[in-house]
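Take a look at the letters that make up each chain.
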Amino acid sequence: MRLRPLVTAVAVTAALVVTPASAAPAGRVLGYVANNGGGVSVIDTATNAVSQTIVDSGGSSPYMAAVAFDGTRGYVTNSVQNTLTVIDTPTNTVDKSIPVGSHPAGVAVAPGGGFVYVTNYADGTVSVVDTATLTVTATVTVGQNPDGVVVTRDGTAVYVTHDVVGPSKVSVIDTTSNTVAGTINVGSTPTAVAASADGTRMYVVNKGSDDISAIDVATRTVVGTAKVGFVPHGIALSPNGTRAYVTNSEFDSVSVVDLTAMTELQKIVVGDRPISVALTPDGASAYVTNFNSNTVSIIDTASNTVTGSIAVGQRPVGIAINFVPPAASKLVGGTAQLQLRLLGFTVRSLDATLTDKHTGAPIAGQQVVFRTVKGNPLCTATTNSSGKATCDANVSLLVGLSTLLQGFTASYAGNNEHGGASAHGYITLL
């Protein structure tokens, strides 16, 4: 969804990971807001607050945002630097900036996460990025002003809108050959496009004709049209496929559309110049970026009312919401000393160091439990600013010298941000 006029650039943003073995912490549902004025705001939907801002020094004027199907990577187009920022979402760190075409706008991730498709607005192409190598492996010429993009559920085709004034079209790319397999006529000046969860429909926002077009994927024909507000821009669909939420950028509202009847049910007033909208995975809430308000409006989809507003960066444009699993953590055990006592043993300086596996950063303030290799409890300690947990343990003679000399185990249960981990350490006689 290309904004016109495009705003000036400032420094950029973006950020994503995987989970370790343990008692399966729940993870988080995070929203990623691309601020055209710089940076990606990360919203924790449990608190509806910005938990951090990700900045990519190699990108400028971030535009749209997408998150891979498993939540472990985020992708943000940078329209001035002509790059695609890759974010490791569990850690919210930038992994790479990939050169793409001129003025990249839309971004979509294929089912399974193998490829990312980027529309390059200024040169009429789509860049195909292989997520295994994080390189552009193909460039598809599609025509003037490619903007919105989405991949079909089966991954066989990519639908691309063209932000051209007057009656326009949607290009369909065959992902096997990476060539345009056909075009579909839609309304005037199409921007965003969204796919139904069952894969049977595509819904295109036509900002010039103030409506949305429903496309049948099997026949590649328009099978319905619904009028919305003035200059619509973004669209998101409810998980059950019955509703669409469409931002009306010059009406400061969101239209709720019944997709069965293809009729507008109501308009919800939001912030100034709403651009994009995304729903939580359960469909309970919709989040709307307000370009001129520098905010995100929160809509309760049960009542279709605005329940809150979140201050984000300057000129928010794209938004993506996804479940993000805990980041993988790493625990390394040290060496403790065993001292004999009259009625037992003392194990001194049991220690283990906890770090983020992706970044290597220490994880502070977390509890580490120490046990013998047979499971006898030793002690529990909290990691310090260096990620190190240390404690001493007095042990009964019943545990046995041979057991203690086999070493110890250290374990971290994990939480929503970091997965669990375990390690083996050594015990030596003083």
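Residues numbered from 1 in each chain as written. Predicted model: local features only at pLDDT ≥ 70, side-chain atom pairs only at ≥ 80, totals over all residues. Heavy atoms only, no water.

Going by what an unreviewed UniProt entry lists, the chain is known as YncE family protein and is assigned to Lentzea alba.

**Structural notes on the overall build of the chain**
From N to C terminus, the chain includes 1 helix and 36 strands. A burial count over the chain gives 58% of its 430 residues as buried. About 16,100 Å² of surface is accessible on the chain, with carbon and sulfur atoms providing 51% of the total. Side-chain charges of the chain comprise 22 positive and 26 negative groups, with the mean position of each set lying 7 Å from the other. (Helix = DSSP H or I, 4+ residues; strand = E, 2+ residues; numbered from the N terminus. Buried < 20%, exposed > 50% of the residue type's maximum accessible area, 1.4 Å probe, protein only. Areas by Shrake-Rupley, 256 points an atom, 1.4 Å probe, with all protein chains shown as cover. Lys, Arg positive; Asp, Glu negative; His and termini not counted. Charge placed at Lys NZ, Arg CZ, Asp CG, Glu CD.)

**Overview of the pattern of salt bridges**
Applying the stated rule across the entire model yields 5 salt bridges. Here Asp163 makes a salt bridge to Lys207, at a shortest N to O gap of 3.4 Å. Residue Asp163 is found in the loop between strand S13 (157-162) and strand S14 (167-174), and its partner Lys207 is found in the loop between strand S17 (201-206) and strand S18 (211-216); the two are separated by 44 residues along the sequence. Residue Lys207 is classed as buried on the basis of its relative accessible area of 9%. The salt bridge partner of Arg201 is Asp216, with a shortest N-O separation of 2.8 Å. With a gap of 15 residues between them, Arg201 in strand S17 and Asp216 in strand S18 connect regions that are remote in the sequence. Taking the relative accessible area as the measure of exposure, Arg201 reaches 25% and is therefore partly exposed. (Salt bridge = Lys/Arg side-chain N within 4 Å of Asp/Glu carboxyl O.)

**As for the side chain of Ser285**
Within the element layout of this structure, Ser285 appears in strand S25 (residues 285-290). Of the residues examined, Ser285 reaches a relative accessible area of 18% and is grouped as buried. Apart from the residues lying within four places of it in its own chain, the contact partners of Ser285 are Ala278, Leu279, Thr280, Ile298, Ile299 and Thr301. (Contact = heavy atoms within 4.5 Å.)

**Some details on unusual backbone geometry**
Unusually for a residue other than glycine, Thr189 sits at a positive phi of about 55°. Along the chain, Thr189 turns up in the loop between strand S15 (179-188) and strand S16 (190-195). For Thr189, a relative accessible area of 3% gives the class buried. Of note in the backbone geometry, Val231 takes a positive phi value of approximately 55° without being a glycine. Among the secondary structure elements, Val231 is positioned in the loop between strand S19 (221-227) and strand S20 (232-237).

**With respect to the UniProt feature "domain: YNCE-like beta-propeller" (unreviewed entry) in the chain**
If you check UniProt for "domain: YNCE-like beta-propeller" (unreviewed entry), the listed places come out as residues 244-307 in our numbering. Measuring from the first to the last C-alpha atom of residues 244-307 gives 19 Å, for a span that is 0% helix and 61% strand. (UniProt positions renumbered as here; feature names shortened; annotations may be inferred.)

**Brief notes about the side chain of Ser188**
Secondary-structure assignment places Ser188 in strand S15. When its relative accessible area of 15% is taken as the criterion, Ser188 is described as buried. In this structure the side chain of Ser188 is engaged in a polar contact, spanning 3.1 Å, whose partner is the backbone nitrogen of Gly166. A polar contact is formed between the side chain of Ser188 and the side chain of Thr189, at a distance of 3.1 Å. Beyond its immediate chain neighbours, meaning those up to four positions away, Ser188 contacts Val164, Val165, Gly166, Pro167, Asn206, Lys207, Gly208 and Ser209. (Polar contact = N/O pair within 3.5 Å; in protein donor to acceptor, adjacent residues only side chain to side chain.)

**Describing the state of the cysteines**
All chains considered together, the criterion is met by 1 disulfide. Paired through a disulfide, Cys379 and Cys391 show a sulfur-sulfur distance of 2.0 Å. One disulfide, between Cys379 and Cys391, carries an S-S torsion of 65° and so falls in the right-handed class. Here Cys379, found in strand S33 (residues 377-382), pairs with Cys391, found in strand S34 (residues 388-396); they are 12 residues apart in sequence, far enough to count as distant. Residue Cys391 is classed as buried on the basis of its relative accessible area of 11%. (Disulfide = S-S within 2.5 Å.)

**Topic: the pairing of strand S35 (residues 408-412)**
Burial along S35 is one-sided: the residues Phe408, Ala410 and Tyr412 are buried and none of Thr409 and Ser411 is. The sheet contact formed by strand S32 (residues 367-372) and S35 spans 4 bridges and is antiparallel. For Val369, the partnering residue across the bridge sits in S35 and is Ser411. The sheet contact formed by S35 and strand S36 (residues 421-429) spans 5 bridges and is antiparallel. (Pairing = 2+ DSSP bridges.)

**Side note on the environment of Tyr426**
Examined against the element boundaries, Tyr426 turns out to sit in strand S36. Sequence separation between Tyr426 and Ala336 is 90 residues; the distance between their C-alpha atoms is 6.1 Å.

**Describing the sheet that holds strand S24 (residues 274-279)**
Where strands meet in a sheet, backbone hydrogen bonds hold them as pairs that are either parallel or antiparallel. With antiparallel pairing, the 4 strands of this open sheet are ordered in space as S24-S25-S26-S27. This sheet does not close on itself; its edge strands, each paired only once, are S24 and strand S27 (305-311). Going from strand to strand, the sheet's axes swing by 25° on average, the running direction of each strand aside. Inspection of the sheet shows strand S26 (residues 295-300) paired to S27 by 6 bridges, in the antiparallel sense. Within S27, the residue paired with Asp300 across the bridge is Thr305. (Axes fitted to C-alpha atoms, helices over the stretch in contact; angles between N-to-C directions.)

**Thoughts on a nonpolar patch on the surface**
Together, Leu340, Leu401, Leu405 and Leu429 make up a nonpolar patch on the protein surface, roughly 360 Å² of accessible area in all. Structurally, Leu401 can be placed in helix H1 (residues 401-404). For Leu401, a relative accessible area of 35% translates into the label partly exposed. (Patch = residues over 30% accessible without salt bridge, like charges linked within 9 Å, V, L, I, M, F, W, Y side chains within 5 Å.)

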